Amino acid sequence: MIAEIAAWMFTLFVVDPLHAEMRQHLEHANAPVEVVQQSRQCLASHVPRLVDRAGNEPGWAIATAIGISTGWTSPDRLFDGADPSCSALRSLIGAQNAREAEG
């Protein structure tokens, strides 16, 4: 029961906003088709693992959701930097976070 609630909260506060944010970033950046495809591949492969982890580790899920929603943790840390499909997504998140910090 707690695992399901943690996974649901993680999805509600991290995954859903992250999907919306990525769509917005990709539209505003006029990203090439390749970047969009790589970002989608990254999300498709990593999100199910993240939700499973949230269900198995409720403490991690809550801490991560709070960290990301408050801006203490960058969402790019959720994705494997060694995964080539995630490099474009991590770069996009990092560039957006840098712009938000400047403005």
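Above: the structure in question.
Residues numbered from 1 in each chain as written. Predicted model: local features only at pLDDT ≥ 70, side-chain atom pairs only at ≥ 80, totals over all residues. Heavy atoms only, no water.

Colleague: Can you walk me through a nonpolar patch on the surface in this structure?
Modeller: Taken together, Met1, Ile5, Trp8, Met9, Leu12, Phe13, Ile62, Ile66 and Trp72 make up a surface patch of nonpolar side chains, about 1000 Å² in accessible area. Contributions of two or more residues to the nonpolar patch are made by α1 (2-28) and α3 (58-70). A total of five residues in the nonpolar patch trace back to one element, the largest contributor, which is α1. (Patch = residues over 30% accessible without salt bridge, like charges linked within 9 Å, V, L, I, M, F, W, Y side chains within 5 Å. Areas by Shrake-Rupley, 256 points an atom, 1.4 Å probe, with all protein chains shown as cover. Salt bridge = Lys/Arg side-chain N within 4 Å of Asp/Glu carboxyl O. Helix = DSSP H or I, 4+ residues; strand = E, 2+ residues; numbered from the N terminus.)

Colleague: Sorry, what's going on with α1 here?
Modeller: Every α-helix carries 3.6 residues per turn, so stepping three or four residues along brings you back to the same face. Its 27 residues place the ends of α1 38 Å apart at the C-alpha level, agreeing with the 39 Å of an ideal helix rising 1.5 Å per residue. Those residues of α1 that sit buried are Ala6, Ala7, Phe10, Val14, Val15, Leu18, Met22, His25 and Leu26. Positive backbone phi, approximately 50°, marks asparagine 30, located one or two places after α1. (Expected span 1.5 Å × (residues − 1). Buried < 20%, exposed > 50% of the residue type's maximum accessible area, 1.4 Å probe, protein only.)

Colleague: It is not clear to me how the state of the cysteines should be interpreted in this structure. Could you clarify?
Modeller: One covalent bond between the sulfur atoms of two cysteine residues makes up a disulfide. All told, the structure shown has one disulfide when counted by the stated rule. Disulfide pairing places cysteine 42 opposite cysteine 86 at an S-S distance of 1.9 Å. A torsion of 95° about the S-S bond marks the disulfide between cysteine 42 and cysteine 86 as right-handed. Here cysteine 42, found in helix α2 (residues 33-56), pairs with cysteine 86, found in helix α4 (residues 84-102); they are 44 residues apart in sequence, far enough to count as distant. You'll find cysteine 42 and cysteine 86 in the same group, each marked buried. (Disulfide = S-S within 2.5 Å.)

Colleague: Would you mind showing me how to read the packing of α1 against α3 here?
Modeller: The description of two helices packed together rests on the angle between their axes and the distance between the axes. In the contact formed by α1 and α3, the axes pass within 9 Å of each other and the chain directions differ by 20°. By the angle between their directions, the pair α1 and α3 is classed as roughly parallel. The element α1 and its partner α3 pack so that their crossing is left-handed. Mapping the contact onto sequence places Ile2, Ala6, Phe10, Phe13 and Val14 in α1 and Pro58, Trp60, Ala61, Thr64, Ala65 and Ile68 in α3. A breakdown of the residues in the contact of α1 with α3 according to their chemical character gives ten nonpolar, one polar and no charged. (Axes fitted to C-alpha atoms, helices over the stretch in contact; angles between N-to-C directions. Parallel < 35°, antiparallel > 145°, perpendicular 65-115°, else oblique. Left-handed = near helix turned anticlockwise from the far one by under 90°. Contact = heavy atoms within 4.5 Å. Nonpolar A, V, L, I, M, F, W, Y, C, P; charged D, E, K, R; others polar.)

Colleague: Would you mind showing me how to read the pattern of salt bridges here?
Modeller: Tallied over the entire structure, the rule returns one salt bridge. Arginine 53 is paired through a salt bridge with glutamate 57; the nearest N and O atoms lie 3.4 Å apart. Judged by relative accessible area, arginine 53 falls into the partly exposed class, the value being 35%. Relative accessible area serves as the criterion here: at 37%, glutamate 57 is assigned to the partly exposed category.

Colleague: Please explain the side chain of aspartate 76 as it appears in this structure.
Modeller: Tracing the backbone through its elements, the reader meets aspartate 76 in the loop between α3 and α4. For aspartate 76, the side chain forms a polar contact with the side chain of serine 74, separated by 2.5 Å. (Polar contact = N/O pair within 3.5 Å; in protein donor to acceptor, adjacent residues only side chain to side chain.)

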